Every structure is written in structure tokens, then in C-alpha cells.
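So you can see what is in the structure, the chains are spelled out below.
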Amino acid sequence: MPAPQTETTRTLERFYGAEAAYIAAGGPGKASFDEVAACLDPEVTLHQAPGLPYSGTWRGRKGIEEFLAVMGDAWRSMEFLDQRCFVEGGDVVVTNHVRFVARRTGRELDTRIVQEMTVRDGRIHEIRPYYWDPAAVSAALGST
């Protein structure tokens, strides 16, 4: 992330590192969620867009843990090829070039995701991801 080091960028670095370690260790039932949870406000909200197989609003730390379980069931791997972070106070935009491999179909998806995030007091309060092509996500997962 090329943004200057601030409390916000340090929070994001901790979050992405903890999330990657959690998924790599096997996720729910196999890894501790504590490091991920420490980066999240207790009332954190994740808004996944309609049209995605995992669309909906995921609330609180438990909701994020449940969402990560769904993502782990959907994708065998997630490789971040490029990630850039733009910070204005606690408002953040993260651009991601990601390569996914679907767990069930084995299909690969090379795509882009932009995330709007709000970070306050060193914790993530809100996340809104925008996928370049939600239909391609569904197709890779065999949902269409």
C-alpha cells in the first residue's frame, strides 16, 4: 500500500495481514479469528453488492467471521496481484487486482475490486466492496 503511514494505514495493514493468515490457516474452526477481530469495530458492517453469491449485509465481528467462512467455501485461493490504498483521514479507497480460484469448479477469475472503507479509532467501521464483474464471479463459482 503506497499511502503514507498513518493510524488508518496501519489498521489496514494489520487487517489484511490477519485476514490472509486466518484464511491460510483454514478459517473457522481451524484458526483463531482474534487478530482479525482486533481490527474491527464491534459494530462493523460489510455491504456485499446484490448479484454476488455472497451478497447481503454482514454485521458485527461475528458477521465478518461468517462472511469469511462463506468466502473460504467459495474460493480455494485469493491472490492479490496489486493493491493500492488512498486515505483521507479515516476514509479509505482500496483498489485490488485479484486472482481467485473457485473451490468447487476450479475456475480461475482475474478481476478488480474497489473497496470503500471507514476507519475510526484504529478499527474498521464499514466496508463496501465493488466488483468489476459480479456475473463473472457467479460464473466462476458455478452459480449461474
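Calculation rules
Residues numbered from 1 in each chain as written. Predicted model: local features only at pLDDT ≥ 70, side-chain atom pairs only at ≥ 80, totals over all residues. Heavy atoms only, no water. Pairing = 2+ DSSP bridges. Helix = DSSP H or I, 4+ residues; strand = E, 2+ residues; numbered from the N terminus. Axes fitted to C-alpha atoms, helices over the stretch in contact; angles between N-to-C directions. Contact = heavy atoms within 4.5 Å.

(A) Structural detail: the pairing of strand S4 (residues 91-102). Inspection of the sheet shows strand S3 (residues 75-88) paired to S4 by 12 bridges, in the antiparallel sense. Bridge pairing in S4 places Phe 86 opposite Val 93. Joining the antiparallel neighbours S3 and S4 is a turn of 2 residues, in which Gly 89 adopts a positive phi near 65°. Pairing analysis gives 11 bridges linking S4 to strand S5 (residues 108-120), with the strands arranged antiparallel. Across the sheet, residue Val 98 finds its bridge partner in S5, namely Thr 111. Counting the residues in the hairpin turn of S4 and S5 gives 5 residues, including Gly 106, whose phi is positive at 75°.

(B) The arrangement of the sheet that holds strand S2 (residues 56-59) in detail. Read across the open sheet, the 6 strands follow the order S2-S1-S6-S5-S4-S3; overall the sheet is mixed. Because the sheet does not close on itself, it has two edges, and the strands there are S2 and S3. This sheet shows a mean twist of 20° between the axes of neighbouring strands, independent of strand direction. Sheet analysis places S5 next to strand S6 (residues 123-131), joined by 8 bridges and oriented antiparallel. The residue bridging Ile 113 from the neighbouring strand is Tyr 131, located in S6. Running over the sheet, helix H1 (residues 7-24) touches strand S1 (40-48), S3, S4, S5 and S6 and is turned about 135° from S5.

Scope: geometric values only; no functional claims are made or implied.
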